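# Coordinate inspection notes
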Amino acid sequence: MSQQPERGDTGLAGLDCAPGETLLSVRDLRTYYESGDLIGGQPVKAVDGVSFDVKKGETIGVVGESGCGKTTLGRTLVRLEAATGGEVRVGSDDVTELSGEDLKAWRRNAQVVFQDPESSLNDRMTIGEIIREPLDVHDWGTPAERRARVRDLLEKVGLQEEHYYRYPHQFSGGQRQRIGIARALALEPEFVVLDEPVSALDVSVQAQILNLLMDLQDELGLTYLFIAHDLSVVRHICDRVAVMYLGNVMELGPTDELFEDPANPYTRALLSAVPEPDPTAEIDRMTLRGTPPSPRDPPEGCAFSTRCPVKIRPDGSDEVDESTWEAVEVFRETLRARSRTERSLSERARELIGLETRFATVDEVVGELFTDRDIPVSVKEPVDQAADLAREGDEDAALEHLKGELGSVCDHESPEDHAVGTEGRESRCHRHAAEYEEPSAVGPSVGGED
Amino acid sequence: MAADANATGVDERRSSARQTQSDDVDAAESADDRLLEVENLRTVFHTERETIRAVDGVSFGIEEGETLGLVGESGSGKSVTARSIMGLVDDPGELLPGSSVRFDGRELTDLTEKGYESVRGSGIAMVFQDPLSTLNPVYTVGNQIEEALSLHRGLSGIDATEKAIELLEDVGIPDAARRVSEYPHEFSGGMRQRAVIAMALACDPDVLVCDEPTTALDVTIQAQILELLSDLQAEHGLSILFITHDMGVIAEVADRVAVMYAGEIVEQAPVVELYENPRHPYTRGLLRSIPSTQQGAERLETIAGEVPTPNKAATDCRFAPRCPEAFDACEEVHPVPVPVEEGAEDHTAACLLYPEDEPRKAAVDRHAAAGDEDSPESAGSTGGDSR
Ligand code: SF4
Ligand code: SF4
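Everything numeric in this text was worked out from a predicted model, so none of it was measured.

## Observations regarding the overall build of chain B
Assigned secondary structure in chain B consists of 14 helices and 14 strands. Each of the 387 residues in chain B was classed as buried or not, and the buried ones make up 58%. Taking the contacts inside chain B whose residues are at least 6 apart along the sequence as the reference set, 65% of them involve residues at least 24 apart. When the accessible surface of chain B is summed, it comes to about 15800 Å², and 47% of that surface belongs to carbon and sulfur atoms.

What follows is the structure, encoded as structure tokens:
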């Protein structure tokens, strides 16, 4: 690194903090997309009020399933996506509002490694050109210095000097990911967003890349935001983890603690779903009903309320047995699925001329879910009422009715972040409030618990 | 019932069948019990420059009601193995002479396309990684299942529709009576995979070949599908060939496991034995390089280098360039599957280190002799593998 040109500092005062201090402070961040396809449609709430800090030199993981907003979150932090609200503080600056030289400094210092080494590298450029490109764009040193820097980077990521003049297609997936990493590191960034960097790789190659990333972090003092859906990879590489669901951070805390003693119902369900590479392991799994709701139309209360296996019941529902209650939830999920599908033109035509349509089948659903059950009136009336509404084709009204009559605090109020476990851990769930039982007390055990 | 299959609950399956299975290995060895028997399968692809030996001498069998896990990294040949069994290998690919796939005692490799269609319709069905490759976007999900039903069970009209709804309910699709008239794009990824499984079941198969059926799905949805497959297996007595790269999924679903590397099966054993006592150096390396949710951050062990693409008949061990235990003979003798020690018929490894209780020289000679009679075409060839 002898060719390092003078750069004094990073160009943004907040980036030069000491290891362990807060590098980034994300507060109530929101990134919404306007939906292009529907006039007057709802925006997609990809990131919907997220707050956390990133400490210098740490690896913070962001996990969650597809559509949870983790990639949008990463892209918003590096300004590839514009925030709709909230802030991302670096010292006294707000990244979401930077412009001019300051924005340039941020871009230099905040880089991304993408998941798919196939498509993120330009096939018409040589490896040398690909890695050098950011140096050229940012006018880094002299041309000779840039070439020397590229050679230096090739070596750092475990490639050879002679690879300089080759093309990406001559490389395997693992090697291409090394090239992507070299390029991201060219401008000596402080902060690197790793967006599923090993998801496309085979396990044996994945291990090589994970080791490389850890070595580079030690050597260069990098701060990583590691986005992944693979929980075992996250457990391996991250100091702290944020678990996302539908644009929310449901739980955040030190990795080991979070994996061994997950507090939030979603974290617990997610961890229990991962198959362990151990055929003798007990499978004690919480199987979730349904699929996540659309981020265009998230539930009003808790984001996880439509699938939560330990959702709080409304007051006065004690006499309703567990399976009947579950049937109510499945009924609501079915209505939600129905209200999401637009009725086709041909169906409207059939309705107009009085022919039977699929919307007539609501009685079958109700029959299947509720016949042969001893249902108390407090449940039967709202269900019948909702069925009537649905029969008339108004699923939304049916849902509103059920929510009003049979909904609980989970349906009506967004949960707060509650401090759980030891220091620095938070979980977004009503069950941590004093008046309710903890998730671990009502659901099956997960992780290291007995 | 849709409501049940989708219900929340604690799932404590881990069938005792697995236990019986491994205790009963001697019986498993008789080929007569095996519903599906693959022997010396070689599938090659001709390109302008070379011939890729994607599957190169693979043998295994599956018993009734059993799940065999076929695991390997990309390029190992596991998906081509599945397609070969299904008769789905087209130009420029072909099965070499001597390859055999027997289903219920009947040889499939010399069937005409028409003959194969009837096997695919009734005996063996396949579930692919990407459900959209199976579903036709312009027909409703119901139409497609009904078509399968009319083809394979002679059902039509309202009978077919009712059966289609029943199948969708069986695979846990809620509100099936309505969803039967929806198009594939109106289904979520997990629901689509359920629909594909329903289509496969429409043929009432004995064997289900699942090629990475949950790889494209999120983990909570994957859990739903794995649970569904295990329920269906128990209910219909299905035999399953489950292909995946995910050692976690294999540990959960398989009774026995075959590990593929560069077109060959390098190790085969009952699932618990394979994970607790892996013998082939590749299997060992593979298991050590998986990070686990149960362990913290140490350096991961890696296997140096990358998977080669075999383009010549093997005259050596294809893993030798990456093997930490390679010795001289590994570059001259092609190892064949042998019991890892005397009597361990259910646990084989294609590695010159085995049988472990045999003197090294004798073991190497055994591999060399078996190799000579096995692939006469390889005699005199000095080529190695491209990588
Ligand atoms: S707030 Fe209610 S619905 Fe949300 S996670 Fe907690 S218990 Fe479940
Ligand atoms: S035959 Fe030799 S090189 Fe191949 S796996 Fe065995 S020890 Fe390693």
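## Quick notes on the overall build of chain A
When you go through chain A residue by residue, the secondary structure sums to 17 helices and 13 strands. Every one of the 450 residues in chain A was classed for burial, and the buried ones make up 56%. In chain A, once contacts between residues fewer than 6 apart in sequence are set aside, the share between residues at least 24 apart is 67%. When the accessible surface of chain A is split by element, carbon and sulfur atoms take 44% of a total near 19000 Å². Separation of charge centres in chain A, based on 48 positive and 88 negative side chains, amounts to 6 Å.

## Focus on the site of ligand 1
The full set of residues close to ligand 1 is Pro265(A), Cys302(A), Ser305(A), Cys308(A), Val310(A), Lys311(A), Cys410(A), Cys429(A), His430(A) and Arg431(A). Class assignment of the residues belonging to the shell around ligand 1 gives a composition of 6 nonpolar, 2 polar and 2 charged.

## Considerations on the pattern of salt bridges
By the definition in use, this model includes 51 salt bridges over all chains. Among the salt bridges present, the one from Lys156(A) reaches Glu219(A), with a minimum N-O distance of 3.0 Å. Of this pair, Lys156(A) sits in helix H5 (residues 143-156) while Glu219(A) is found in helix H7 (residues 203-220), placing the two residues 63 residues apart along the sequence. Lys156(A) sits in the buried class, given a relative accessible area of 18%. Two residues, Glu322(A) and Arg313(A), come together in a salt bridge whose shortest N-O distance is 3.3 Å. Within the structure, one salt-bridge network assembled from shared partners comprises Arg42(B), Arg53(B), Asp56(B), Glu264(B) and Arg318(B).

## Some words on the domain arrangement of chain A
Domains assigned within chain A are domain 1 (13-238) and domain 2 (322-407). On a C-alpha basis, the centres of domain 1 of chain A and domain 2 of chain A stand 46 Å from each other.

## Points about the interface of chain A and chain B
Taken together, the contact between chain A and chain B spans 56 residues of the former and 61 residues of the latter. For the pair chain A and chain B, the summed buried surface comes to about 5200 Å²; carbon and sulfur atoms form 54% of the total. The largest contributions to the chain A side of the interface with chain B come from His236(A), Pro279(A) and Ile283(A), which together make up 13% of the buried area. At the junction of chain A and chain B, the tally comes to 0 salt bridges. There are 10 residue pairs in polar contact (both at pLDDT 80 or more) connecting chain A and chain B. Looking at the side of chain A that touches chain B, the elements with two or more residues in it are helix H6 (173-185), H7, helix H8 (231-237), helix H9 (255-260), helix H10 (265-273), strand S11 (285-287), helix H11 (322-340) and helix H13 (362-370) of chain A. Here the side of chain A that touches chain B is composed, by residue class, of 23 nonpolar, 17 polar and 16 charged.

## With respect to the nonpolar core
All names here are of chain B. Judged by nonpolar contacts, the single largest core of 69 residues is most densely connected at Ile145, Ile197 and Leu208. The biggest single contributor to this core is helix H9 (residues 189-202), with 9 residues. The contact partners of Leu208, leaving out residues within four places of it in the chain, are Ala125, Val127, Ala200, Leu229, Leu238, Ser239, Ile240 and Leu241.

## Describing the sheet that holds strand S11 (residues 256-261) of chain B
Residues and elements named next belong to chain B. Strand order in this open sheet of 8 strands is S8-S9-S10-S4-S11-S12-S14-S13, and the pairing throughout is mixed. Looking at the sheet topology across the chains shown, the edges are occupied by strand S8 (124-127) and strand S13 (338-339). Taken strand by strand, helix H10 (residues 219-236) contacts strand S4 (67-71), strand S9 (207-211) and strand S10 (239-244), and its axis lies near 160° from that of S10.

## Overview of the sheet that holds strand S6 (residues 110-113) of chain A
Residues and elements named next belong to chain A. Read from one edge to the other, the open sheet built from 8 strands follows the order S6-S7-S8-S3-S9-S10-S13-S12, with strand pairing classed as mixed. The open sheet is flanked by S6 and strand S12 (417-419), the only strands paired with a single partner. Across this sheet, the average inter-strand angle for adjacent strands is 20°, counted without regard to direction. Alignment of strand S3 (residues 59-63) against strand S8 (residues 223-228), held across 5 bridges, turns out to be parallel. Across the sheet, residue Val63 finds its bridge partner in S8, namely Ala228. Packed onto the sheet, helix H1 (residues 70-77) meets S3, strand S7 (191-195), S8 and strand S9 (240-245) and runs at close to 155° relative to S8. Its contacts with the sheet place helix H2 (residues 100-109) against S6 and S7, and it is angled at close to 40° to S6.

## Things to note about the pairing of S9(B)
Residues and elements named next belong to chain B. Summarising burial for S9: 5 of the 5 residues are buried, a large majority. With 4 bridges connecting them, S8 and S9 associate as parallel partners. The partner of Val127 across the bridge, within S9, is Cys210. Two elements, S9 and S10, share 5 bridges in a ladder whose sense is parallel. Across the sheet, the residue bridging to Val209 is Leu241, located in S10. Considered for its hand, the β-α-β crossover made up of S9, H10 and S10 is right-handed.

## Here we look at the UniProt feature "domain: ABC transporter" (unreviewed entry) in chain B
The sites that carry the UniProt feature "domain: ABC transporter" (unreviewed entry) are, in the present numbering, residues 36-287 of chain B. Between the end C-alpha atoms of residues 36-287 of chain B there is a gap of 28 Å, over a span that is 40% helix and 26% strand.

## With respect to the environment of Ser118(B)
Residue and element names in this part refer to chain B. You can see Ser118 is positioned in helix H5 (residues 113-122). Expressed as a C-alpha distance, the spacing of Ser118 and Pro355, which sit 237 residues apart in the sequence, is 42 Å. Leaving out residues up to four positions away in the same chain, Ser118 has contacts with Arg106 and Gly123.

## Some thoughts on the state of the cysteines
Two cysteines form a disulfide when their sulfur atoms are joined by a covalent bond. Applying the stated criterion across every chain yields a total of 0 disulfides over all chains. You can see Cys17(A) has no disulfide; the closest cysteine sulfur is in Cys238(A), sitting 19 Å from it.

## Observations regarding the packing of helix H6 (residues 141-153) of chain B against H9(B)
When two helices pack together, their arrangement is given by the angle between their axes and by how far apart the axes lie. Residues and elements named next belong to chain B. The interhelical angle for the contact between H6 and H9, taken along N-to-C directions, is 15°, at an axis separation of 8 Å. Classified by the angle their axes make, H6 and H9 are roughly parallel. Here the hand of the crossing between H6 and H9 comes out right-handed. Contact residues: H6 offers Val141, Gln144, Ile145, Ala148, Leu149 and Arg153, while H9 offers Ala195, Ala198, Met199, Leu201 and Ala202.

Scoring rules and cut-offs
Numbering of residues starts from 1 in every chain and runs along the sequence as written. Chains and ligands are labelled sequentially in the order written, the chains with letters from A and the ligands with numbers from 1. Local features are withheld for residues below a pLDDT of 70 in this predicted model, meaning they are given only at 70 or higher, and side-chain atom pairs are given and counted only at 80 or more; totals for whole chains, interfaces and linings count all residues. Think of the side-chain values as coming from all heavy atoms in the structure, minus any hydrogens and water. Numbered from the N terminus, helices here are DSSP runs of H or I no shorter than four residues, and strands are runs of E no shorter than two. Burial classification: accessible surface area is computed with a 1.4 Å probe over protein chains only, and a residue below 20% of its type maximum counts as buried, one above 50% as exposed, and the rest as partly exposed. The contact criterion used is simple: two residues touch if any of their non-hydrogen atoms lie within 4.5 Å. Using a 1.4 Å probe, the Shrake-Rupley method yields the accessible areas, and only the shown protein chains count as cover for residues. Charge convention: Lys and Arg are scored as positive, Asp and Glu as negative, and His as well as the terminal groups of each chain are ignored. Note on charges: their place is set at NZ of Lys, CZ of Arg, CG of Asp or CD of Glu. Any residue with at least one heavy atom within 4 Å of a molecule or strand is counted as near it. In this classification, the charged set is Asp, Glu, Lys and Arg, the nonpolar set is Ala, Val, Leu, Ile, Met, Phe, Trp, Tyr, Cys and Pro, and all remaining amino acids, among them Gly, are polar. Note on definitions: salt bridges are taken to be side-chain nitrogens of Lys or Arg within 4 Å of carboxyl oxygens of Asp or Glu. Segmentation of the chain into domains, including their bounds, is taken from an automatic or database domain assignment. Here the quantity called buried area is the total loss of accessible area, with a 1.4 Å probe, experienced by two parts when brought into contact, counted for both. Contacts described as polar in this section are N or O atom pairs within 3.5 Å, which, within protein, must combine one atom able to donate a hydrogen with one able to accept it, while residues neighboring in sequence count only if both atoms come from side chains. Working definition of a nonpolar core: buried Ala, Val, Leu, Ile, Met, Phe, Trp, Tyr and Cys residues. They are joined through side-chain atoms within 4.5 Å. DSSP bridges decide pairing: two strands pair if at least two such bridges lie between them. Lines fitted to C-alpha atoms define the axes here, with helix axes fitted over just the stretch in contact, and angles between the N-to-C directions of these axes take values from 0 to 180 degrees. The path from the first strand over the helix to the second decides the hand: if it runs clockwise while the strands point away from the viewer, the crossover is right-handed. UniProt positions are given in the numbering used here, feature names are shortened, and annotations may be inferred rather than shown by experiment. Throughout, a disulfide means two cysteine sulfur atoms within 2.5 Å of one another. Angles are sorted into four bins: roughly parallel if under 35 degrees, roughly antiparallel if over 145, roughly perpendicular if 65 to 115, and oblique for all others. Helix crossings get a hand from a simple test, with the near helix turned counterclockwise from the far one by less than a right angle marking a left-handed crossing and a clockwise turn marking a right-handed one.

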